Amino acid sequence: MALTLGIIGLPKSGKTTVFNALTRSEAQTSAYASSGSEPNVAVVKVPDERLTALVDIFHPKRIVQADVQYTDVAGISKGASKGESFSRQFISYISTVEGLVHVVRAFENPDIPHPDDTIDPLRDIETVELELAFSDLAIIEKRLIRLRETISKTKPGPEREGFERELETLQRIQPELEAGQPIRALGLDEDEERAIRNYGFLSAKPMLILLNLSESQLEQADALMAQVAAKHALPNTAVAAIAGKLEQDLAQLDEADATEFMADLGLKESGLNRIIKQSYQLMGLISFLTAGPDENRAWTIRNGTTAQKAAGVIHSDLERGFIRAEVVHFDDLIAAGSMVEAKKRGHVRSEGKTYLVKDGDIIEVRFNV
Ligand SMILES: Nc1nc2c(ncn2[C@@H]2O[C@H](COP(=O)(O)OP(=O)(O)OP(=O)(O)O)[C@@H](O)[C@H]2O)c(=O)[nH]1
Ligand SMILES: [Mg+2]
């Protein structure tokens, strides 16, 4: 099960360029006409050096990294969501993703006109936030009318209580959205989140704001990010920067050429791994590992997942028949150099169902079939 991220942003902000860079794809970018409404979709492996570091200990036949799926979908523009709301197609693509990567144009390029003429990342972020909020508001307004009717016709009981909880939550969200606060920033509690989960509200999704820079702006990257963060330091929101065009070119070179190219530019590493990792952190995701003669593998879970639930990510049988988990942390195993030595040092623990799995735990599940 891959983490799914949607790449959104104003027309010509560089969405497809960033998509190509992140996924090593060669989708058509568009200097003039806007990209079509068909989204680009690709799955990439999450880089995890820990898997390779464990090869000398476990000698696996293969390495299996966790997946991220990116969808690049055009369809946001100023006013796009007013009245009618976004196209049904856009909503259907974007409402199912778990998080958003919002590409914001910072790059200067006189050949690529900006829909609002000037380059102004802060303005563009506001524009997109408003469009997302409008889209959610339109759904809420319609739903509130129907929900009130339904409640008046439903007998008191658990079903009606469910509707009432939903109504209260939507009524709490509505004025905040009208004031320009995205749902992701409201600090909803678990019950409230559950009450609205099925709507797939766009402004409720964690967002990575990704400034798309020119090569020449790389030196200012930190300053630009700080400017954005000062205005948009919302919960479930992170800011990053990337030189999209440059990274796209890099992604299409083989490794040796890419290394040389980066050295020429004075870059130490490509920005892509950083973006993927940041997306993970933003979503509150961590990885645990399994290792053995067949494969060394990374699995994605939410931070705060119990050992038994984590076992279920590997296979439902492991969750159902869970007895205990043998756990050693990556750092301890590497320091020890072998499982035998890690055991001697007391770093291999036996944990029960409710143990909270940590990032970098290497786990072997004991279970009944
Ligand atoms: N100089 C420069 N040009 C860029 C950069 N990113 C994108 N471009 C150019 O800007 C144009 C639009 O880029 P796309 O990636 O197609 O933008 P998009 O957001 O997918 O556009 P639509 O899908 O039409 O909304 C292309 O000609 C890109 O080559 C960048 O970082 N620097
Ligand atoms: Mg595009």
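Residues numbered from 1 in each chain as written. Chains lettered and ligands numbered in written order. Predicted model: local features only at pLDDT ≥ 70, side-chain atom pairs only at ≥ 80, totals over all residues. Heavy atoms only, no water.

**Some words on helix α9 (residues 244–251)**
Burial runs high along α9: six of the eight residues are buried. Considered for burial, the residues of α9 that qualify are G244, L246, E247, Q248, L250 and A251. Taken together, the buried residues of α9 touch α1 (15–23), β6 (207–212), β7 (237–242), α10 (255–265) and α11 (271–282). (Buried < 20%, exposed > 50% of the residue type's maximum accessible area, 1.4 Å probe, protein only. Helix = DSSP H or I, 4+ residues; strand = E, 2+ residues; numbered from the N terminus. Contact = heavy atoms within 4.5 Å.)

**A few points about the packing of α9 against α10**
Two elements in contact, α9 and α10, have axes separated by 9 Å at closest approach and are oriented at 145°. Packed against α9, whose contacting residues are L246, D249 and L250, the element α10 presents A258, F261, M262 and L265 at the interface. Of the residues contributing to the contact of α9 with α10, the split by class is six nonpolar, no polar and one charged. (Axes fitted to C-alpha atoms, helices over the stretch in contact; angles between N-to-C directions. Nonpolar A, V, L, I, M, F, W, Y, C, P; charged D, E, K, R; others polar.)

**Some details on the packing of aromatic side chains**
In the structure shown here, the tally under the stated rule is two aromatic pairs. Pairing Y199 with F201 gives two aromatic rings, centres 4.9 Å apart and planes at 15°, and the pair type is stacked. According to the relative accessible area criterion, F201 is buried, its value standing at 3%. Considering the side-chain rings of F288 and W299, the 6.4 Å spacing of their centres and the 15° angle between planes classify their relative orientation as stacked. (Phe/Tyr/Trp six-rings, centres within 6.5 Å; stacked < 30°, edge-to-face > 60°.)

**Quick word on the domain arrangement of the chain**
Annotation of the chain at the domain level lists domain 1 (3–135 + 179–282) and domain 2 (304–367). Here the C-alpha centroids of domain 1 and domain 2 sit 33 Å apart. If you look at the interface, domain 1 gives five residues, while domain 2 gives eight residues. Taken over both partners, the interface formed by domain 1 and domain 2 buries close to 580 Å², and the fraction arising from carbon and sulfur atoms is 81%. Contact with domain 2 buries surface across domain 1, with R50, L54 and I57 losing the most and accounting together for 76% of the total. Its salt-bridge partner being R50, residue D359 comes within 3.2 Å of it at the nearest N-O pair. Taken together, the links from domain 1 to domain 2 amount to one residue pair in polar contact (both at pLDDT 80 or more). (Domains from an automatic or database assignment. Buried area = accessible area lost by both parts, 1.4 Å probe. Salt bridge = Lys/Arg side-chain N within 4 Å of Asp/Glu carboxyl O. Polar contact = N/O pair within 3.5 Å; in protein donor to acceptor, adjacent residues only side chain to side chain.)

**Brief notes about unusual backbone geometry**
Located in the positive-phi region is K12, a residue other than glycine, with phi close to 65°. Here K12 is to be found in the loop between β1 (3–8) and α1. Under the relative-accessibility criterion, K12 is labelled buried at 14%. Non-glycine residue H59 carries a positive phi angle of around 45°. The residue H59 is located in the loop between α3 (55–58) and β3 (62–64) in this model. Residue classification places H59 among the exposed positions, given a relative accessible area of 57%.

**Here's the deal with the sheet that holds strand β4 (residues 67–72)**
Read across the sheet, six strands follow the order β2-β4-β1-β5-β6-β7 without closing on themselves; strand pairing throughout is mixed. Edge positions in the sheet fall to β2 (40–45) and β7, since each has one partner strand and no second. Taking each pair of neighbouring strands and ignoring which way they run, the sheet shows an average axis angle of 25°. Sheet topology note: the β2/β4 ladder contains six bridges and is antiparallel. When the sheet's bridge partners are listed, V43 is paired in β4 with Q69. Here α11 sits on the sheet and contacts β1, β2, β4, β6 and β7; the angle it forms with β7, its principal contact strand, is near 175°. (Pairing = 2+ DSSP bridges.)

**Describing the pattern of salt bridges**
Summed over all chains, the structure comprises 24 salt bridges. Residues R345 and E341 are paired through a salt bridge, measuring 3.0 Å at the closest nitrogen-oxygen approach. Among the charged side chains, a network of salt bridges with common partners joins R324, E326, E364 and R366.

**Details of a negative patch on the surface**
Among the surface-exposed residues, D254, E255, D257, E260 and D264 lie close enough to one another that they form a single negatively charged patch. Turning to its location among the elements, E255 is positioned in helix α10. Assessed through its relative accessible area of 69%, E255 is described here as exposed. (Patch = residues over 30% accessible without salt bridge, like charges linked within 9 Å, V, L, I, M, F, W, Y side chains within 5 Å. Areas by Shrake-Rupley, 256 points an atom, 1.4 Å probe, with all protein chains shown as cover. Lys, Arg positive; Asp, Glu negative; His and termini not counted. Charge placed at Lys NZ, Arg CZ, Asp CG, Glu CD.)

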